[in-house]
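Structural overview
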Amino acid sequence: MKLATSSPERQRDNVLTAAASVGAHIIGWADDWEVSGATDPVSRPKLGPWLRDERGPYDGLVAAAVDRLGRNVVDCLNTGYKMRDEKKMLVTYGHDGPWALDDPADENRFTMEAWGAQMELRAIQRRNRDATIKIRAACWPKGKPSYGFQYVRRVMGGILTRTPRTSACTTTSPASRCWTSSNAPRPRHSGEASLAAEVRQLGDGQVHADRRLDRFPWWYAASNQGTRQIGLGRL
């Protein structure tokens with residue numbers, strides 16, 4: 001089942017709905033926000049300890065979708081077969097009841113959804129590689145420069161070099177961060193949390209419209225990272 005969005009809030013609602021549909025309740029959450037979907041589930045910081053049986057007993061695994069378990073067929077099947085062999089439930093939103101990987105029809109559907117996740121990941125990787133090749137051939141850097149720096153072409157037709165931005169402040173302390181936008185608020189002493197809250201309040205579209213990306217060197221980048229929520233449940 002394809003969702004309109006994979007936001008953390010939507011994923012959490014889907015996990016709770018899927019758990020309730022099989023009469024289970026959540027006893028723990030594995031929120032690997034900043035971890036790539038291509039990472040082996042067993043080695044993820046939050047989900048890994050559960051799969052390695054380091055967090056105590058649980059009766060099953062609930063996810064918002066198969067592609068939240070992994071972004072390739074091997075990782076998804078390894079997790080699915082582990083749940084099957086240990087007689088634990090594997091539930092994803094949009095699938096009617098727990099996955100029965102002993103049933104060839106259910107196993108084939110699970111494999112196809114995992115294959116779709118792998119195809120999507122490969123397409124993303126291919127686009128990124130092609131974009132990198134194109135940008136480097138044009139002598140342009142990939143991505144924005146680090147906070148406090150700017151790209152300058154010192155010689156016509158030459159390569160771009162990274163140099164300190166003259167308008168940047170001399171300190172990197174969160175409590176005294178400088179602002180480069182004329183309509184930006186004054187620095188707040190509450191530090192990083194207040195800046196992250198402002199990013200959420202503005203929203204991606206507002207940040208783009210105001211052209212204020214340079215004000216959020218870390219939090220804006222983090223808001224676009226792949227997110228995945230996994231729920232561990234008991235009957």
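Here, the structure is the one placed above.
The following paragraphs examine the structure supplied in this document. None of the values given here were measured: they were computed from a predicted structure.

What follows is about the packing of aromatic side chains. The tally for this structure, following the rule as stated, stands at two aromatic pairs. With a centroid separation of 5.5 Å and 85° between ring planes, the pair formed by Trp50 and Tyr58 is classed as edge-to-face. Relative accessible area serves as the criterion here: at 5%, Trp50 is assigned to the buried category. When the ring of Trp99 is compared with that of Phe110, the centres are 5.1 Å apart and the planes differ by 75°; the resulting orientation is edge-to-face. You can see Trp99 sitting in the loop between strand S3 (89-92) and helix H5 (104-137) and its partner Phe110 sitting in helix H5, a full eleven residues away along the chain. Judged by its relative accessible area of 0%, Phe110 is buried. The residue whose ring lies beneath Arg12 is Trp29, and the NZ or CZ to ring-centre distance is 4.0 Å.

Counted at 1.5 Å a residue, the expected span for H5 with its 34 residues is 50 Å, and the 49 Å between its end C-alpha atoms agrees. Here H5 has its buried residues at Asp106, Phe110, Ala114, Ala117, Leu121, Ala123 and Thr132. Among the structural elements, helix H3 (66-69), helix H4 (73-85) and S3 are those in contact with the buried residues of H5.

A separate point is unusual backbone geometry. The backbone phi angle of Asp53 is positive, close to 60°, even though this residue is not glycine. With respect to the secondary-structure elements, Asp53 resides in the loop between helix H2 (47-51) and strand S2 (60-63). Of note, the phi angle at Lys87 is positive, near 60°, even though the residue is not glycine. You can see Lys87 is positioned in the loop between H4 and S3. We classify Lys87 as exposed; its relative accessible area is 73%.

Reading the values: the criteria
Residues numbered from 1 in each chain as written. Predicted model: local features only at pLDDT ≥ 70, side-chain atom pairs only at ≥ 80, totals over all residues. Heavy atoms only, no water. Phe/Tyr/Trp six-rings, centres within 6.5 Å; stacked < 30°, edge-to-face > 60°. Buried < 20%, exposed > 50% of the residue type's maximum accessible area, 1.4 Å probe, protein only. Helix = DSSP H or I, 4+ residues; strand = E, 2+ residues; numbered from the N terminus. Lys NZ or Arg CZ within 6 Å of the ring centre and 35° of its normal. Expected span 1.5 Å × (residues − 1). Contact = heavy atoms within 4.5 Å.

All we've got here are geometric facts, nothing functional implied.
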